[in-house]
Amino acid sequence: MSNKLMKSPIPIADFDISYSEGDGPVYSMPPEVFVDKEFYEFEMNAVWAHEWFCVGHASDIPKSGDYYTIEVGEDPLIVIRDRTGSVNVLSNVCQHRGMILLEGRGNTRRISCPLHAWVYNINGELTSAPGLTDADEKVESFNIKDVCLPKIRTEVWQGFVFITFDEDLPPLSDRLGNLGDQLGNYKIDELRASVPLKMEAFDWNWKIFNDECYHCSYLHGGSWGEMYPLCLNSTDEMVKFNDIENGLVSYNLISQH
Ligand code: FES
């Protein structure tokens with residue numbers, strides 16, 4: 001994923017109509033936001049390449065060699081526990097000719113490429129390459145130590161595994177501010193993950209769905225809409241860990257009910 005910061009192809013002022021701090025109506029974002037390829041690439045860069053992301057829970061991989069595979073943005077990754085007990089996140093792409101290395105989840109002592117059988121250890125270091133490292137047919141110009149799976153910057157916070165593709169991003173603790181104190185009574189670090197949910201691709205534009213809940217009292221008025229008694233300007237349903245100075249903004253989906 002490219003780390004060079006891109007600029008929005010849509011002028012920022014064009015978004016003003018879709019945001020209101022007061023009582024005024026809020027209109028849809030510029031149409032390109034929903035369909036434009038160039039804007040999509042900007043978003044991939046601005047969000048996926050420059051933020052921290054939670055990619056699972058360390059309790060999913062309790063033993064050395066336990067792993068699961070995941071895609072973040074457009075990058076296939078392996079989340080794996082090494083022999084020292086640390087959780088590492090590695091590229092799931094063979095450094096030889098780009099084959100995907102592992103699928104699904106499981107436990108392994110080594111990562112073996114299905115295409116030409118290069119073998120990496122669970123820290124991502126190449127340990128053998130048939131025909132290149134065998135004693136009888138060693139290729140002198142090939143140094144096994146030069147090859148390893150790229151390791152993605154990772155931090156584990158209270159059991160949750162976070163990654164970022166941005167080496168210059170401040171530590172996760174800066175980003176989360178005082179969230180740990182706010183959630184102290186929930187003993188988050190003692191939680192264990194249940195069976196992971198597999199999300200399929202949605203056949204609709206998720207931005208339209210996620211953009212607002214103004215419609216909830218009306219379109220869903222006969223069902224769960226009652227949970228949202230016109231939540232415009234209402235503050236009593238805001239969860240308590242909004243801490244804007246520390247960059248924490250919770251999504252307002254907690255109703256007073
Ligand atoms: S692509 Fe993996 S060993 Fe060749």
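So, here is what we can say about the structure in this document. Since the model is a prediction, treat every value here as computed from it, not as a measurement. (Residues numbered from 1 in each chain as written. Predicted model: local features only at pLDDT ≥ 70, side-chain atom pairs only at ≥ 80, totals over all residues. Heavy atoms only, no water.)

The next thing to look at is the overall build of the chain. A count of helices and strands for the chain gives 6 helices and 10 strands. Per-residue burial for the chain yields a buried fraction of 33% across its 257 residues. In the chain, the share of contacts with a sequence separation of at least 24, taken over all contacts with a separation of at least 6, comes to 50%. For the chain, the exposed area adds up to about 16,900 Å²; of that, 55% sits on carbon and sulfur atoms. (Helix = DSSP H or I, 4+ residues; strand = E, 2+ residues; numbered from the N terminus. Buried < 20%, exposed > 50% of the residue type's maximum accessible area, 1.4 Å probe, protein only. Contact = heavy atoms within 4.5 Å. Areas by Shrake-Rupley, 256 points an atom, 1.4 Å probe, with all protein chains shown as cover.)

Right, let's talk about the environment of Glu71 for a bit. Relative to the assigned elements, Glu71 resides in strand β2 (residues 66-72). Take Glu71: its relative accessible area is 59%, and that puts it in the exposed class. C-alpha separation for the pair Glu71 and Asn92, spaced 21 residues apart in sequence, amounts to 9.2 Å.

Right, let's get into a nonpolar patch on the surface. A cluster of nonpolar side chains, Leu197, Met199, Phe202, Trp204, Trp206 and Phe209, forms an exposed patch at the surface whose accessible area comes to about 800 Å². One can find Leu197 in the loop between α4 (179-182) and α5 (206-210). The exposed category is assigned to Leu197, whose relative accessible area is 77%. (Patch = residues over 30% accessible without salt bridge, like charges linked within 9 Å, V, L, I, M, F, W, Y side chains within 5 Å. Salt bridge = Lys/Arg side-chain N within 4 Å of Asp/Glu carboxyl O.)

Soluble globular proteins tend to pack their nonpolar side chains together in the buried interior. With 16 residues, the main nonpolar core has Ile80, Leu101, Ile111 and Tyr120 as its most contacted residues. With sequence-adjacent residues up to four places away left out, Ile80 is seen in contact with Ile61, Gly65, Asp66, Tyr67, Ser86, Val87, Asn88, Leu90, Thr108, Ile111 and Ile122. Counting residues in hydrophobic clusters, the runner-up holds 13 residues, among them Val55, Val87, Ile152 and Val161. (Core = buried A, V, L, I, M, F, W, Y, C linked by side-chain atoms within 4.5 Å.)

Once that is clear, we can look at unusual backbone geometry. A positive phi angle is found at Gln158, which is not glycine, with a value near 50 degrees. Along the chain, Gln158 turns up in the loop between β9 (151-157) and β10 (160-164). Residues other than glycine seldom take positive phi values, yet Lys187 does so here, at roughly 50 degrees. We classify Lys187 as partly exposed; its relative accessible area is 47%.

Further remarks concern the sheet that holds strand β7 (residues 119-120). The 3 strands lie next to each other as β6-β7-β8, forming an open sheet whose pairing is antiparallel. Looking along the sheet, the strands with just one partner apiece sit at the ends: β6 (111-112) and β8 (126-128). (Pairing = 2+ DSSP bridges.)

Under the defined criterion, the tally for this structure stands at 4 aromatic pairs. Look at Phe39 and Phe42: their rings are 5.5 Å apart centre to centre, the planes differ by 45 degrees, and that puts the pair in the tilted class. Pair noted here: Phe39 and Phe42 are both in helix α2 (residues 37-48), with a separation of 3 residues, about one helical turn. Ring plane angle 20 degrees and centroid distance 4.5 Å describe the contact between Trp48 and Phe53, whose orientation is recorded as stacked. Given a relative accessible area of 16%, Phe53 falls into the buried group. Here a set of aromatic residues connected by ring pairs shows up, and it is made of Phe15, Phe39 and Phe42. (Phe/Tyr/Trp six-rings, centres within 6.5 Å; stacked < 30°, edge-to-face > 60°.)

Applying the stated criterion across every chain yields a total of 3 salt bridges. Measuring nitrogen to oxygen at the nearest pair gives 2.7 Å for the salt bridge that ties Glu41 to Lys37. In this pair, Glu41 and Lys37 are both assigned in helix α2, 4 residues apart and thus about one turn of the helix distant. Judged by relative accessible area, Lys37 falls into the exposed class, the value being 56%.

As for its position among the elements, Arg81 is in strand β3 (residues 75-81). Buried charge Arg81 goes without a salt bridge, the closest partner of opposite sign being Asp66 at 6.2 Å. Not counting residues up to four positions away in its chain, the partners in contact with Arg81 are Ala58, Ile61, Pro62, Lys63, Ser64, Gly65, Asp66, Ser86, Val87 and Ile122. (Lys, Arg positive; Asp, Glu negative; His and termini not counted.)

This brings us to the sheet that holds strand β1 (residues 53-57). An order of β1-β10-β9-β4-β3-β2-β5 is seen for the 7 strands of this open sheet, with the pairing classed as antiparallel. This sheet does not close on itself; its edge strands, each paired only once, are β1 and β5 (105-107). Neighbour to neighbour, the strand axes of the sheet diverge by 30 degrees on average, direction disregarded. Here β2 runs beside β5; their pairing, made up of 3 bridges, is antiparallel. Across the sheet, the residue bridging to Tyr68 is Arg105, located in β5. (Axes fitted to C-alpha atoms, helices over the stretch in contact; angles between N-to-C directions.)

Once that is clear, we can look at the side chain of Lys207. By secondary structure assignment, the location of Lys207 is in helix α5. Only 2.5 Å separates the side chain of Lys207 from the backbone oxygen of Val33, close enough to count as a polar contact. (Polar contact = N/O pair within 3.5 Å; in protein donor to acceptor, adjacent residues only side chain to side chain.)

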